[in-house]
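So the chains spell out like this:
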2 protein chains.
Amino acid sequence: MKMNELKNLIEVAAGRKSADLLIKNCRIVNVFSGEIENGDIAVVDGKIAGIGENYDGKKIIDAHEKFAAPGFIDAHIHIESSYISPEELGKIIVPCGTTTIIADPHEIANVCGLEGLKYMIAAAKKTKLKIIFAMPSCVPATDFEDAGAILNAEDMEEIFSDENIFGLGEFMNAPGVINCDEKALKKILLAKKFNKLIDGHGPNLTEKNLNAYVAAGILGDHECMTVEEMKEKISRGMYILIREGSACHNLRKLLQGATEKNSGRLLLCSDDLQTKTIFEKGHINNHLKICVEEKINPITAIQMATLNTAETFRLFDRGAIKPGNCADFVLLNDLKNFVAEKVFIDGEIVAEDGKYLPKIISQDISKVRGSVRVKNFSAERLKMNLKKNFVNVIKILPGEVVTKKITAEIKIDSDGDFIFDSSKDICKIAVIERHHETGKIGLGFLSGYGIKFGAIAISVAHDSHNIIVAGVNNSEMAFAVEKLIEMEGGMILVKDGKIISKISLPIAGIMSDKSGEFIAEKLDELHKKAHDELGISKNVEPVMTLTFMSLSVIPEIKLTNRGLFDYEKFNFIDVEAE
Amino acid sequence: MKMNELKNLIEVAAGRKSADLLIKNCRIVNVFSGEIENGDIAVVDGKIAGIGENYDGKKIIDAHEKFAAPGFIDAHIHIESSYISPEELGKIIVPCGTTTIIADPHEIANVCGLEGLKYMIAAAKKTKLKIIFAMPSCVPATDFEDAGAILNAEDMEEIFSDENIFGLGEFMNAPGVINCDEKALKKILLAKKFNKLIDGHGPNLTEKNLNAYVAAGILGDHECMTVEEMKEKISRGMYILIREGSACHNLRKLLQGATEKNSGRLLLCSDDLQTKTIFEKGHINNHLKICVEEKINPITAIQMATLNTAETFRLFDRGAIKPGNCADFVLLNDLKNFVAEKVFIDGEIVAEDGKYLPKIISQDISKVRGSVRVKNFSAERLKMNLKKNFVNVIKILPGEVVTKKITAEIKIDSDGDFIFDSSKDICKIAVIERHHETGKIGLGFLSGYGIKFGAIAISVAHDSHNIIVAGVNNSEMAFAVEKLIEMEGGMILVKDGKIISKISLPIAGIMSDKSGEFIAEKLDELHKKAHDELGISKNVEPVMTLTFMSLSVIPEIKLTNRGLFDYEKFNFIDVEAE
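Each chain has its residues counted from 1, running along the sequence as written. To label them, take the chains in the order written and letter them from A, then take the ligands in the order written and number them from 1. Where totals are concerned, whole chains, interfaces and linings use all residues; where local detail is concerned, this predicted model gives features only for residues with pLDDT of at least 70, and gives and counts side-chain atom pairs only at 80 or more. As a convention, hydrogens and water are excluded, and side-chain values are obtained from all of the structure's heavy atoms.

**Examining the overall build of chain A**
- Summing up its helical and strand segments, chain A has 17 helices and 30 strands in all.
- Taking 578 residues into account, the globule formula puts the C-alpha radius of gyration at 25 Å, and chain A, at 25 Å, falls close to it.
- Counting only C-alpha atoms, chain A reaches 90 × 50 × 45 Å along its principal axes.
- Between buried and exposed lies partly exposed: a residue is buried under 20% and exposed over 50% of the maximum accessible area for its type, with that area taken using a 1.4 Å probe on protein chains only. The 578 residues of chain A split such that 65% are buried.
- Excluding contacts between residues fewer than 6 apart, the proportion of contacts in chain A whose partners are at least 24 apart in sequence is 69%.
- Surface accessibility follows the Shrake-Rupley procedure with a 1.4 Å probe radius. Residue values consider only the protein chains on display as shielding. As presented, chain A carries roughly 20300 Å² of accessible surface, and 47% of it is formed by carbon and sulfur atoms.
- Looking at chain A, you have 71 positive and 84 negative side-chain charges, and the mean spots of the two groups are 1 Å apart. For the purposes of this entry, the term helix denotes a DSSP run of H or I that reaches at least four residues, the term strand denotes a run of E that reaches at least two, and both are numbered from the N terminus. We compute the radius of gyration from the C-alpha atoms alone; for a globule the expected value is 2.2 Å times N to the 0.38, where N is the number of residues. Only heavy atoms matter for contacts: two residues are in contact if any of them lie within 4.5 Å across the pair. Charged-residue counts in this description rest on Lys and Arg as positive and Asp and Glu as negative, His and the chain ends being excluded. To locate a charge, take NZ of a lysine, CZ of an arginine, CG of an aspartate or CD of a glutamate.

Here it is as structure tokens:
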């Protein structure tokens, strides 16, 4: 801050100079007192100078008794899950009242490493939305598949001191921390050295394991499934990021454990959001709506979406309508539906009546495109050579990321390759390494997906984002994969040897360079065709379900580009069942 | 933190290794959940590793169901006000359960500048008490007297980055901030540059002035006198440091405004404490006792004395019994009287049953002694040459630091010097510059002090700590001053030309190198003699009253070494009245 800025701020605050902007007649949501306060907000140089009455402003907006709340903060989100770029995500969530997000670019880092992170930081500068990034802590997420990059502590040092990086993102390798894995602890020590925070991810951690995880310096957790789990974690000093996303719905349940005493330790986050969910329900404003439906005091709810998050992540310049803070706030018609009428960031009106106002100039994506690199791929590579027709199968549990390990009898040809039988809900699935042209391919079987015709291929596959393809015959599966490679990644449906739907995701093969509206519409269409034309079961989400089929850290059985993985044995198993 | 330390901490937390120390059977005050939790506390390498059951310990202490609370933190204290050194203060407040204090060495800095600050930091290392220091923000406090040092922003840079300095101490020059005084703002900008905090001191600030003060980046305030003032400051985002000291008693009143909603913004502090008060009442544990008497939930009260303060001052390694935190905690018999049975700092028992256990090795004081430097002083210099016998007089208001400006007729001799009249409660008072041998002396009159015989001289005088002397004739006043200079400062009573009581304060002329017990006893004796033998009124505290007589920033009339100061006119006035 410079002397003239500080002087200007004080001059306006003290009432000796006119504000740049004066919002008159607000019902201010005061997150410090927990009360509603009538008054005006004086803004200068993008900062809140004063709150009260009798200020002058060069520009005056009458709020007509609308509620003025601090801009909402999402405590944990993966931008990549929306399949759109940071600047496009900003365009659709800022109108919801969101002014800051804490983003973990874990997915793009798994594809592009630090280059992906640098792209995200650069892209973030193209949107008014304030994006605070985590350094992804677990790249790759597991040692059982090939990701595009490996980030060790040594690699992180270079950009760890960037002010846009708050610290380490969700430390998913909780067993590594608890069991003193040196690679994991090195990252933690590096964060401590840079005085950075370490966000957590500790599903079901309890008692001594929880103590160990917290003792290591882990700050928060967004994986609580029960009130009991949440309460234990709060007792150990963790902040709880209550999640409500497109797939995970923890909010209503966990709110049952929120009290006046512990609400200061509660934050709101989305983790993974699809554009469709945002268009239909909103973003953090939807969380607030749910909070009020669940009988949480609306100001307490707003604290959870603003001040608590700002303080937890040590963003001391935001999260409250306070003199000296950034002028990030939102005008709301009520504290029930939380529809944002106007959204201000750094004192600028950036959204009005659901529309994002600034012009969007997209970040250049040349350094993160062309990420789908596969060598020597052909239909031949999808052929199996099974010694028997009794096999292990991945069984989808609709709406879950966990799977069930089952066995089944299948038809095989004379070479031992699979013959699809439309009377049985079992198809072939393959995972094809697509980062380093290693040629590694994992083959297996999927049940519960329902596909009856053609093939579907995607280059979004947690967490290493290899290509996953599922289909009824090798040729259509291979055709889908080949076309997907040509597209530089994305999603594709093939039927009768023709492409019937596709979405290009040229940004690291996981994100589009198109708008949120475009993606929402195209994805809807692709989903519809997946169900209607390929016959994929209506009770599974055709794309997202598939994206989790290679995530080996989740029970019970998954397929990576290295083969079929049994979570319980924590090792690879043969496709042939015993 | 090193790899082996982190590993060891995690190993113990996870239960794979024995703790160094295990405190069994505690009723743990959980400041996160706001609840009492039964369990054991496992400590290793001075840190809390785990909370729970079934831990092993090399050393085991059975707490027998005593309450285990985080160590108490005083959010704002001037060590100098106790007249004892940091290591001696540690000795008497650690047994009260205090494990950290946030200290503003404003007084010694006014005498010795940065050298004083360096001494305090070095002395702090000689006690187990953790002392976090402020960089005094306002040295000198005013431009109307001569202090020993001037600290401008440029002078601060040198040691601002010291990890023991949290930021700028109470920014008393609130008018300077609000009116954009460049010298004041430069200090604020420096603090921001170093990412340091700025503590406040803003009595009666309200509305636009408060906005301006907060906008400048001021964090907290300990000067609230009313609930209304406190609530307005909370609403503007300030933390409120509720004060209960030897002279200022704000706690019971302000607690009337504490609610479950705002208590997270409330902290406890003492500001100024005499050793006698500590021996009689305790330290922050006494604040807690008062909180409970005022019907505050005891856990809420403990939060105000621990977690809230730690978080406000960003001491993220303490303030809660939490895995990974420093093992600073206290065992209490009850949550009513808050008597500390055992006190632990960094896992070591440092006090038991009111006794401080570690050996004390005093810090060398050679760099801060010999601070009383006066040239060409004699009884002659105390002579007045009044043109008339109608004069302005400083009237003491018992128990207050503010004074009243009155006029009176006095007796004068043929040279115009004052003749003491024991039937009138008016004596001569002089302030003698004692830092730079400037020879400056201010002369005036004091009413309401009651002195009838001899003289009293002290080298503790807020905030510049020149010598103040009051007495009934020039020769005894001069004798007291001369002896005080020989003593290197302190307090002295003279009667019939002889010393009847004295306390040496060789550390900067404001602090003793003796124990707290010694000072408490000697000060008691000196007070008694001041009343009994010099006739000083029983309704004034003979020493403290005098120490505030030169503080020109307080209404209505004061005397500095430069002359009589009228607060309303904010300028010097003649002794002769108009």
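**Overview of the pattern of salt bridges**
- Criterion for a salt bridge: a side-chain nitrogen of Lys or Arg within 4 Å of a carboxyl oxygen of Asp or Glu. Under the defined criterion, the tally for this structure stands at 76 salt bridges over all chains.
- For Arg562 of chain A, the salt bridge is made with Asp146 of chain A, and the minimal N-O distance between the two is 2.8 Å. Linking Arg562 of chain A in the loop between strand 28 (557-560) and strand 29 (563-566) with Asp146 of chain A in the loop between strand 8 (130-135) and helix 5 (153-160), this pair joins segments that are 416 residues apart in sequence.
- For Glu348 of chain B, the salt bridge goes to Lys128 of chain B, with nearest N and O atoms at 3.1 Å. Pair noted here: Glu348 of chain B is in strand 16 (residues 348-352) and Lys128 of chain B is in the loop between helix 4 (114-124) and strand 8 (130-135), with a separation of 220 residues, a long-range link.
- The exposure class of Lys128 of chain B is partly exposed, given its relative accessible area of 33%.
- Residues joined in a network through salt bridges with shared partners are Lys66, Glu341, Lys342 and Glu352 of chain A.

**Some remarks on the environment of Cys326 of chain B**
Residue and element names in this part refer to chain B.
- Within the secondary structure, Cys326 sits in the loop between helix 14 (307-312) and strand 14 (329-332).
- As for Cys326 and Arg314, which are separated by 12 residues in sequence, their C-alpha atoms are 14 Å apart.
- Leave out the neighbours within four places in its chain, and Cys326 touches Gly46, Lys47, Ile48, Lys130, Asp317 and Asp346.

**Description of the packing of helix 1 (residues 3-13) of chain A against helix 7 (residues 182-193) of chain B**
- Axis definition: a line fit to C-alpha positions, over the contact stretch in the case of helices; interaxial angles, taken between N-to-C directions, run 0 to 180 degrees. At their nearest, the axes of helix 1 of chain A and helix 7 of chain B sit 10 Å apart, and the two run at 110 degrees to each other. The pairing of helix 1 of chain A with helix 7 of chain B is recorded here as roughly perpendicular in orientation. Note on packing geometry: the crossing formed by helix 1 of chain A with helix 7 of chain B is right-handed. On the side of helix 1 of chain A, the interface is formed by Met3, Leu6, Lys7 and Ile10 of chain A, while helix 7 of chain B contributes Glu182, Leu185, Lys186, Ile188 and Leu189 of chain B.
- In this count, Pro and Cys sit with the nonpolar residues alongside Ala, Val, Leu, Ile, Met, Phe, Trp and Tyr, while Asp, Glu, Lys and Arg are called charged and the others, Gly among them, polar. Split into classes, the residues belonging to the contact of helix 1 of chain A with helix 7 of chain B amount to six nonpolar, no polar and three charged. Roughly parallel means an angle under 35 degrees; roughly antiparallel, over 145; roughly perpendicular, 65 to 115; everything else is oblique. A clockwise turn of the near helix away from the far one marks a right-handed crossing, whereas an anticlockwise turn of less than a right angle marks a left-handed crossing.

**Some details on the interface of chain A and chain B**
- Chain A puts 55 residues into the contact, and the matching count from chain B is 55 residues.
- What gets called buried area is simply the loss in accessible area from a 1.4 Å probe that two parts show on being joined, summed for both. Between chain A and chain B, the buried area comes to about 4800 Å², and carbon and sulfur atoms account for 59% of it.
- The largest share of the area that chain A buries against chain B comes from Phe32, Lys208 and Lys261 of chain A, three residues that together contribute 14% of it.
- Joining chain A to chain B, the criterion identifies six salt bridges.
- Between Glu37 of chain A and Arg236 of chain B there is a salt bridge, and its shortest N-O distance comes to 2.5 Å.
- For the purposes of these results, a polar contact is taken to be a pair of N or O atoms within 3.5 Å, where, inside protein, one atom must be able to donate a hydrogen and its partner to accept one; residues adjacent in sequence count only when each atom of the pair is a side-chain atom. The interface formed by chain A and chain B holds 20 residue pairs in polar contact (both at pLDDT 80 or more) in total.
- Those elements that place two or more of their residues in the side of chain A that touches chain B are helix 1, strand 3 (47-52), helix 6 (174-178), helix 7 (182-193), helix 8 (207-215), helix 9 (227-235) and helix 14 (307-312) of chain A.
- The element that contributes the greatest number of residues to the side of chain A that touches chain B is helix 1 of chain A, accounting for seven residues.
- For the side of chain A that touches chain B, a count of residues per class yields 26 nonpolar, 12 polar and 17 charged.

**Describing the confidence of the model for chain A**
- Averaged over all residues, the pLDDT of chain A is 96; the fraction at 70 or higher stands at 100%.
- The complex prediction reports pTM at 0.96, with the ipTM value standing at 0.95. As a per-residue quantity, pLDDT reports the predictor's confidence and falls between 0 and 100.

**Digging into the sheet that holds strand 29 of chain A**
Residue and element names in this part refer to chain A.
- What the three strands build is an open sheet, ordered 28-29-30; its pairing is antiparallel. Of all strands in the sheet, those with a lone pairing partner are strand 28 and strand 30 (571-573), marking the two edges. Here the strands of the sheet are splayed against their neighbours by 45 degrees on average, with no regard to which way each runs. Whether two strands pair comes down to DSSP finding at least two bridges between them.

**So, the side chain of His78 of chain B**
Residues and elements named next belong to chain B.
- The topology assignment puts His78 in the loop between strand 6 (72-77) and helix 2 (86-93).
- The buried category is assigned to His78, whose relative accessible area is 4%.
- Only 2.6 Å separates the side chain of His78 from the side chain of Glu170, close enough to count as a polar contact.
- Ignoring any residue separated from it by four or fewer positions in sequence, one finds His78 in contact with Asp104, His106, Glu170, Asp271 and Asp272.

**Comments concerning helix 8 of chain A**
- Every buried residue of helix 8 of chain A is accounted for by Leu210, Asn211, Ala212, Tyr213, Val214 and Ala215 of chain A.
- Close packing links the buried residues of helix 8 of chain A with strand 9 (165-171), helix 6, strand 10 (197-200) and helix 9 of chain A together with helix 1 (3-13) and strand 3 (47-52) of chain B.
- The positive-phi residue at the C-terminal boundary of helix 8 of chain A is Gly217 of chain A, with phi of around 110 degrees.

**Observations concerning the packing of helix 12 (residues 284-293) of chain A against helix 13 (residues 298-305) of chain A**
Residue and element names in this part refer to chain A.
- Closest axis-to-axis distance for the helix 12/helix 13 pair is 9 Å, and the angle between their directions is 145 degrees. As for the relative orientation of helix 12 and helix 13, their crossing is right-handed in sense. Contact residues: Ile284, Leu288, Cys291 and Val292 in helix 12; Pro298, Ala301, Ile302, Met304 and Ala305 in helix 13.
- Residues belonging to the contact of helix 12 with helix 13 are distributed by class as follows: nine nonpolar, no polar and no charged.

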